[in-house]
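Residues per chain, in single letters:
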Amino acid sequence: MSADRGFVLRAGRRAAAHLRAHGLQPDDVSCVPAAAGGPKGLALIPLDRLLFDPAHGWLRAAPRLQLIGASIGAWRMAAAAMPDAVAALDRLADGYVAQTYARRPTAREVADECRKLARAVLGSLPACETRPGVALTVIAARARGVLDRNASRTAFAQAALANTLSRSRLAAYLQRVLFTAGPSRFPAAPFDRLGLTRVPLDEHNSEDALLASGSIPLVCEPVRDPAGAPRGDYWDGGLIDYHLLLPYSQLPGLVLYPHFVPFVTAGWLDKFVPWRKAARAHRWLDNVLLIAPSPQLLARLPNRKLPDRSDFYRYGLDHPARQRDWRRAISECNRFADEVMAWLERPDPTLLRTL
């Protein structure tokens, strides 16, 4: 690998030891998480195609695979779990890039655009479907306390302040809800005060669950009372599980984590808390292999960064320019995907750094 390679590798202790002793095979992988992060997720779709293609993807032979995500990560994993994963991922990428908004869109207008993305993932299917051996979990956050039926800035400011004092205090405002399809088995039990409520995905709630997982407070409307779930307002799963810092040690195998940054932040609100932004040597990350775009790759992208939500403001009403640059970023990330696949086929443990 040259010094200008397009990816960086971070591994927990157990994952690094396994790679050094045994290399890496698809059937070593038990779980693929996918973070919230809005347009940043577009950069990972080229790699998703190579991993999850049912006919040729690297993970096609994995006998048991848990896909779990929040926000755009949930949309990516729902697409990846589908019988025709590549077509679903392409619909998601095309639909996401094609979004257009007025200069000051209302929360309803944003919700309507995001619902189109949920429908793009599903395609002609009425519900999230998974291939044999693949389980899907879509994470959403159900409002509690002062947030119940209250989407005001004041209410969310109270939740943010409580989270700054202690992540466990966020449980007074939000509850973790997992919408699942296939043989979902992770997480197996509650692991923090934010709870663990499971709801099966079906034709009555799949679209709403995907939309809820990406419904950003103060930008989008919540999803209210999705079928089969506890009543309430449902918000972006990234509020609770931004980069999915989950108890992966419950899993029997390794966790392969394509990510857009080389660290893991528990909740969206934690990125504003310096001592919580990047978990270091966390015991839950012991069996995780994280792969992210390198600074060298980022330097080649438009604006020298991944697409992100600020681009909606940066480009304003010049939608063709934003769409052009986002497509260029996706195209550049094909190199990232190809280099990662070459490493997966012949893993070099000397490139590993501590997660």
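All values derive from a computational prediction rather than experimental measurement. (Residues numbered from 1 in each chain as written. Predicted model: local features only at pLDDT ≥ 70, side-chain atom pairs only at ≥ 80, totals over all residues. Heavy atoms only, no water.)

The next thing to look at is the overall build of the protein. Helices and strands together make up the secondary structure of the protein, namely 10 helices and 11 strands. Its C-alpha atoms give the protein principal-axis dimensions of roughly 50 × 45 × 40 Å. Per-residue burial over the protein gives 58% buried out of 355 residues. Within the protein, contacts between residues at least 6 apart in sequence are counted, and of these 77% link residues at least 24 apart. Just so you have it, the protein exposes about 14,400 Å², and 51% of that area is on carbon and sulfur atoms. The averaged location of the 34 negative side-chain charges in the protein is 7 Å from the averaged location of its 47 positive side-chain charges. (Helix = DSSP H or I, 4+ residues; strand = E, 2+ residues; numbered from the N terminus. Buried < 20%, exposed > 50% of the residue type's maximum accessible area, 1.4 Å probe, protein only. Contact = heavy atoms within 4.5 Å. Areas by Shrake-Rupley, 256 points an atom, 1.4 Å probe, with all protein chains shown as cover. Lys, Arg positive; Asp, Glu negative; His and termini not counted. Charge placed at Lys NZ, Arg CZ, Asp CG, Glu CD.)

Moving on, we come to helix α4 (residues 85-97). Counted at 1.5 Å a residue, the expected span for α4 with its 13 residues is 18 Å, and the 18 Å between its end C-alpha atoms agrees. Among all positions of α4, only Ala 85, Ala 88, Leu 89, Leu 92, Ala 93, Tyr 96 and Val 97 are buried. Here the buried residues of α4 occupy an arc of 160° about the axis, which is enough to place them on one side. (Expected span 1.5 Å × (residues − 1). Arc of directions from axis to C-beta.)

Before going further, it helps to examine the packing of helix α3 (residues 72-81) against helix α7 (residues 206-213). Relative orientation of the contacting elements α3 and α7 amounts to 140°, with a least axis distance of 7 Å. You can see that α3 and α7 cross each other, and the crossing is left-handed. Residues Ala 74, Trp 75 and Ala 78 of α3 form the contact with α7, whose participating residues are Leu 210, Leu 211 and Ser 213. A breakdown of the residues in the contact of α3 with α7 according to their chemical character gives 5 nonpolar, 1 polar and no charged. (Axes fitted to C-alpha atoms, helices over the stretch in contact; angles between N-to-C directions. Left-handed = near helix turned anticlockwise from the far one by under 90°. Nonpolar A, V, L, I, M, F, W, Y, C, P; charged D, E, K, R; others polar.)

Next up on the list: the packing of helix α2 (residues 45-52) against helix α10 (residues 319-345). As a packed pair, α2 and α10 sit with axes 7 Å apart at the nearest point and diverge in direction by 40°. For the element pair α2 / α10, the angle class is oblique. The interaxial crossing formed by α2 with α10 has right-handed handedness. Contacts between α2 and α10 involve Pro 46, Leu 47, Arg 49, Leu 50 and Leu 51 from the first element and Ile 330, Cys 333, Asn 334, Phe 336, Ala 337, Asp 338, Val 340, Met 341 and Leu 344 from the second. A breakdown of the residues in the contact of α2 with α10 according to their chemical character gives 11 nonpolar, 1 polar and 2 charged. (Parallel < 35°, antiparallel > 145°, perpendicular 65-115°, else oblique.)

Right, let's get into the packing of aromatic side chains. Counted according to the given criterion, the structure contains 9 aromatic pairs. Relative to Trp 235, the ring of Phe 156 lies with its centre 5.4 Å away and its plane at 90°, an arrangement referred to as edge-to-face. Of the two residues, Phe 156 is situated in helix α6 (residues 153-165) and Trp 235 in strand β8 (residues 233-236); the sequence distance between them amounts to 79 residues. Residue classification places Phe 156 among the buried positions, given a relative accessible area of 10%. Taking 5.0 Å as the distance between ring centres and 75° as the angle between the ring planes, the aromatic pair formed by Trp 268 and Phe 272 counts as edge-to-face. A relative accessible area of 55% means that Phe 272 is categorised as exposed. (Phe/Tyr/Trp six-rings, centres within 6.5 Å; stacked < 30°, edge-to-face > 60°.)

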